[in-house]
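Residues per chain, in single letters:
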Amino acid sequence: MASNKVIITCAVTGGIHTPSLSDALPWRPEELAAQSIAAAEAGAAILHIHARNPQDGSPTGDPKVYQAFLPQIHAATDAVINLTTGGSPDMSPDERLAAALHFSPEMCSLNMGSMNFSFHNMGSKVTEWKFPWEKQYILNSEKFIFRNTFADIARVYGLMAEHGTRYEHECYDIGHLYNLAYFLDKGLAKPPLFIQSVFGILGGIGADPDNVVFMRRTADRLFGTEYVWSVLAAGRHQMPLITQAAMMGGNVRVGLEDSLFIERGALASSNAQQVTKIRTILHELGMQPATPDEARQMLALKGKNHVRIAG
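Because the structure is predicted, anything quoted here is derived from the model rather than measured.

Counting buried positions along helix α11 (residues 292–299) gives six out of eight residues, so the element sits mostly inside the fold. Of the residues making up α11, those classed as buried are Pro292, Glu294, Ala295, Arg296, Met298 and Leu299. Two residues or fewer after α11 comes alanine 300, characterised by a positive phi angle close to 55°.

Within this structure, the stated rule accounts for 15 aromatic pairs. With centroids separated by 5.6 Å and ring planes inclined at 90°, the aromatic side chains of phenylalanine 117 and phenylalanine 146 adopt a geometry described as edge-to-face. Of the two residues, phenylalanine 117 is situated in the loop between β8 (115–116) and α5 (133–140) and phenylalanine 146 in strand β9 (residues 145–146); the sequence distance between them amounts to 29 residues. Given a relative accessible area of 9%, phenylalanine 117 falls into the buried group. Overall, phenylalanine 146 belongs to the buried group, its relative accessible area being 5%.

One pass over the structure, following the stated rule, counts 13 salt bridges. Between glutamate 168 and arginine 253 there is a salt bridge, and its shortest N-O distance comes to 2.9 Å. Here glutamate 168, found in strand β10 (residues 166–171), pairs with arginine 253, found in strand β13 (residues 251–254); they are 85 residues apart in sequence, far enough to count as distant. Residue glutamate 168 shares its accessibility class with arginine 253, and that shared class is buried. One salt-bridge network, held together by shared partners, links Glu168, Glu170, Arg253, Glu257 and Asp258.

Next up on the list: the pairing of strand β7 (residues 107–111). The element β7 is largely enclosed, with a buried count of five among its five residues. Residues of β7 alternate between two faces, with Met107, Ser109 and Asn111 on one and Cys108 and Leu110 on the opposite face, all of them buried. Note: strand β6 (residues 80–83) against β7, two bridges, orientation parallel. Paired with leucine 83 across the strands is cysteine 108, a residue of β7. As paired elements, β7 and β10 share five bridges and run parallel to each other. Counted as the bridge partner of methionine 107 is arginine 166 from β10.

A word on unusual backbone geometry. The omega angle of the peptide bond from proline 191 to proline 192 is 0°, so this bond is cis rather than trans. Within the element layout of this structure, proline 192 appears in the loop between α7 (174–185) and β11 (193–199). In this structure, serine 104 takes a positive phi of about 50° despite not being glycine. Note on placement: serine 104 falls in the loop between α4 (93–103) and β7. One non-glycine residue, alanine 300, adopts positive backbone phi at about 55°. Exposure remark for alanine 300: the relative accessible area of 41% places this residue in the partly exposed category.

So, on to the nonpolar core. Core analysis: the largest hydrophobic core is formed by 68 residues, its most contacted members being Leu70 and Phe223. The element contributing the most residues to this core is α7, with six residues. Those residues within four positions of leucine 70 in sequence are excluded, and the remaining contacts are Ile49, Ile81, Leu83, Phe103 and Ile309. Of all hydrophobic cores here, the second largest spans 24 residues; its members include Leu25, Met115, Leu232 and Leu256.

On to the side chain of threonine 18, then. Locating threonine 18 in the fold gives a position in the loop between β2 (8–11) and α1 (29–42). The buried category is assigned to threonine 18, whose relative accessible area is 0%.

The rules behind each value
- Residues numbered from 1 in each chain as written.
- Predicted model: local features only at pLDDT ≥ 70, side-chain atom pairs only at ≥ 80, totals over all residues.
- Heavy atoms only, no water.
- Buried < 20%, exposed > 50% of the residue type's maximum accessible area, 1.4 Å probe, protein only.
- Helix = DSSP H or I, 4+ residues; strand = E, 2+ residues; numbered from the N terminus.
- Phe/Tyr/Trp six-rings, centres within 6.5 Å; stacked < 30°, edge-to-face > 60°.
- Salt bridge = Lys/Arg side-chain N within 4 Å of Asp/Glu carboxyl O.
- Pairing = 2+ DSSP bridges.
- Core = buried A, V, L, I, M, F, W, Y, C linked by side-chain atoms within 4.5 Å.
- Contact = heavy atoms within 4.5 Å.

Below is the structure:
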């Protein structure tokens, strides 16, 4: 694979932002399908996907809701579908894993450690909420511990093993890299590892350029050539830190799950707008976005024809 190829992942909606924070955040099935397809057409090789309740935009892990839009994405694009197992703060581990078990995707996310995960200041400027659940959901995050115990992680590896699904290992701090090294040593995690370093979440490692270097150096020491590295950064840190990662030989993640903005003070109009922006930056740096098939090769994925997503 050419050294200038960069995998762009797009995280389309997530389980943190709420509809009142941005009119562009997709939550209806038709919006999730349309924005996912547009992001792929703009250059995203991987689509990281959550589901939302069609009535009020609240996060859900129900495979029936995924069924309302996943087949459209699968039919209209060649992008790798990567389903969340992180879900949202109010889901049980079983609810978080249900869609991945049902659809047997090429990839799913796997969070590599328990942590405080708070976004309780996020809605401070909202004066009118679209739905009753939103405000309290955001405020309650101050009390939240995002559960990902060693037993939880081992259970995901065990239950997904027969599916041939591989993982976006989400590492929110340095200790999460060591947790992943533990599972690699136990034979549950298998190379090539796809490591998504996450910066700027309140409760995780800070969004500082020095920390990006620290995470990369630690991963190099622990995993050598057995991993593929990517970076995401929350909010205003998104574009600066993923650009830094690309210049360090890494891959990048954008999307309205990670940031609602396209530039300082301006909300993004869509996921595709963010994909287009990072694609332009990569082009100016002499890099090219990897195609879905190139991403499959880099990550040793099973292929689009080996999933259970159908119309």
